[in-house]
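# Per-entry structural report
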Amino acid sequence: MAFQQNSRGGRPNQGRPQGGASRGFSGGGGGRSGGRRGGGSRGPAKKYINPAKFINKAIAKADEIPYAATHKFADFPFGAQLHHNIESKGYETPSAIQDQAIPHIIDGKDVIGLANTGTGKTAAFLLPIIERQSGITLRPSVLIMAPTRELAQQIDEEFRVFSRGLDLYSTLVVGGVNIDRQIRDLKRRPHVIIGTPGRLKDLMQRGVLQLKNMTTLVLDEADRMLDMGFLPDIRQIINEMPRERQTLFFSATITPEISALVNDFLHDPITVSVRTSETSEHVEQDVIEARDKQHKIELLEDMLKTAAYDKVLIFGETKFGVQRLSDHLDNVGIPSAAIHGNKNQSQRQRALKQFKDNRVKVLVATDVAARGLDIPNVSHVINFDTPQTYEDYTHRIGRTGRGGARGHAHTFIERR
Ligand code: AMP
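Here goes a summary of the coordinates provided.

## Focus: the packing of helix H4 (residues 121-133) against helix H5 (residues 149-162)
Contact geometry for H4 and H5: axes closest at 10 Å, N-to-C directions at 45 degrees. Here H5 runs oblique to H4, going by the angle between their axes. Judged by the sense of rotation from one axis to the other, the crossing of H4 with H5 is right-handed. When H4 is examined against H5, the residues Thr122, Ala123, Phe125, Leu126, Leu127 and Ile130 are found in contact with a partner set consisting of Ile155, Glu158, Phe159 and Phe162. Split by residue class, the contact of H4 with H5 holds eight nonpolar, one polar and one charged.

## Regarding the pattern of salt bridges
Under the counting rule described, the total for this entry stands at 14 salt bridges. When the shortest N-O distance is used, the salt bridge between Asp156 and Arg160 registers 3.0 Å. Remark: Arg160 and Asp156 occur in helix H5; sequence separation between them is four residues, near one turn of the helix. Under the relative-accessibility criterion, Asp156 is labelled buried at 7%. Residue Arg188 pairs with Asp185 through a salt bridge whose shortest N-O separation is 4.0 Å. Taking relative accessible area as the criterion, Arg188 reaches 65% and is therefore assigned exposed.

## Considerations on the pairing of strand E5 (residues 216-219)
Every second residue of E5 is oriented toward a common face, with Thr216 and Val218 on one face and Leu217 and Leu219 on the other, all of them buried. Note that strand E2 (residues 142-145) and E5 share four bridges and pair parallel. Counted as the bridge partner of Met145 is Leu219 from E5. As judged from the four bridges shared by E5 and strand E6 (residues 246-251), these two strands associate in the parallel manner. Across the sheet, the residue bridging to Leu217 is Thr247, located in E6.

## Section: the nonpolar core
In terms of nonpolar packing, the biggest core is built from 36 residues, with Phe125, Leu127 and Ile144 touching the most fellow members. Elements with a minimum of two residues in this core: helix H2 (80-88), helix H3 (96-106), H4, E2, H5, strand E4 (192-195) and E6. The dominant element in this core, judged by the number of residues it contributes, is H4, at seven residues. Setting aside its immediate chain neighbours within four residues, Phe125 contacts Ile105, Ile144, Ile155, Val218, Asp220, Leu248 and Phe250. Counting residues in hydrophobic clusters, the runner-up holds 33 residues, among them Leu211, Met214, Phe230 and Val262.

About the cut-offs
- Residues numbered from 1 in each chain as written.
- Predicted model: local features only at pLDDT ≥ 70, side-chain atom pairs only at ≥ 80, totals over all residues.
- Heavy atoms only, no water.
- Axes fitted to C-alpha atoms, helices over the stretch in contact; angles between N-to-C directions.
- Helix = DSSP H or I, 4+ residues; strand = E, 2+ residues; numbered from the N terminus.
- Parallel < 35°, antiparallel > 145°, perpendicular 65-115°, else oblique.
- Left-handed = near helix turned anticlockwise from the far one by under 90°.
- Contact = heavy atoms within 4.5 Å.
- Nonpolar A, V, L, I, M, F, W, Y, C, P; charged D, E, K, R; others polar.
- Salt bridge = Lys/Arg side-chain N within 4 Å of Asp/Glu carboxyl O.
- Buried < 20%, exposed > 50% of the residue type's maximum accessible area, 1.4 Å probe, protein only.
- Pairing = 2+ DSSP bridges.
- Core = buried A, V, L, I, M, F, W, Y, C linked by side-chain atoms within 4.5 Å.

In structure tokens, the structure reads:
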């Protein structure tokens, strides 16, 4: 699998010229600055997102430069089985974050990785961790914290693939599923514990999560964990860990709160930044103007009946709206799945799997439920409801156009 990345830095989209829309977007978005979105009947009015600021009708980049890795996987001092597993997974060359972070992680340094999802950061921390496990007798020794159940699950799945044949065990500790089983699993002393902060704290307080032998801590998508209000839990958990440890910290953004966390919990860290505009550079973006909600639904149905729309992730604002839209699509003969906070863990996993396995071509999601998900080959992202912030917009459209593929994003706006 070729893993192409854009090697240029900079924040996505900002200051870019605005492109027109290809479909029903009359008059361009440029004049629609300021003000609020129409409606105003439900809850506090949200900021109006001016499409002119973020829509970039991206053209496939002729000048795209694949990242030139300075290492080959073979250069990393991993055992034969781990090298074999990397190869079986289809990885040929290290991505930028892997190329730059793995040598420092192997050296035992604390690392701050500024990287978005889709950059290969999971393998960047998992591979050196797996390699180190072979010499470790005190277990568990690695704690990996992630903001959402789905992301934690994905990390666990990658761990299992990369550690195949190595006799290593992990336990997934997330909310929404039976805790007794997790307690039983933890008693079997896995090498690696992967979880979300709330459930980890719960287990710590019950005395079943032993942190005293931990040598390594990974905080994945730290900015998102803070956004979700996990800071107190994270602090409480880290305070129970030995001070002598290696801490690997991944975040797409650095805010003052993030810096404070880094200062408190990392020791003399090395920063590796691969934050690039790769997501939006690969994504052709349009706005689609609709008269009202009913019109949005009609336009959406037309699109989804087109063959090119073969794997479509639709974002809605509320749990109810997302479920309603998904039910409606089912009713008109477009099978879809939905993920949002009103679904329990196994329902979310089932929905995600149906989408990943191409059993439904549409997944409707809220922002929170879709955070950090790695779903290969999403052809289109559709913002059925406009995102709350530019950052959300960037995160949403980053679900398509991954790993060098071309993606499409459409954002509906209601004519005011
Ligand atoms: P991540 O940012 O860790 O969520 O990874 C994004 C996607 O890229 C996942 O599907 C990975 O399996 C894939 N990936 C990561 N590293 C590589 C690599 N070196 N070569 C090919 N694919 C990769």
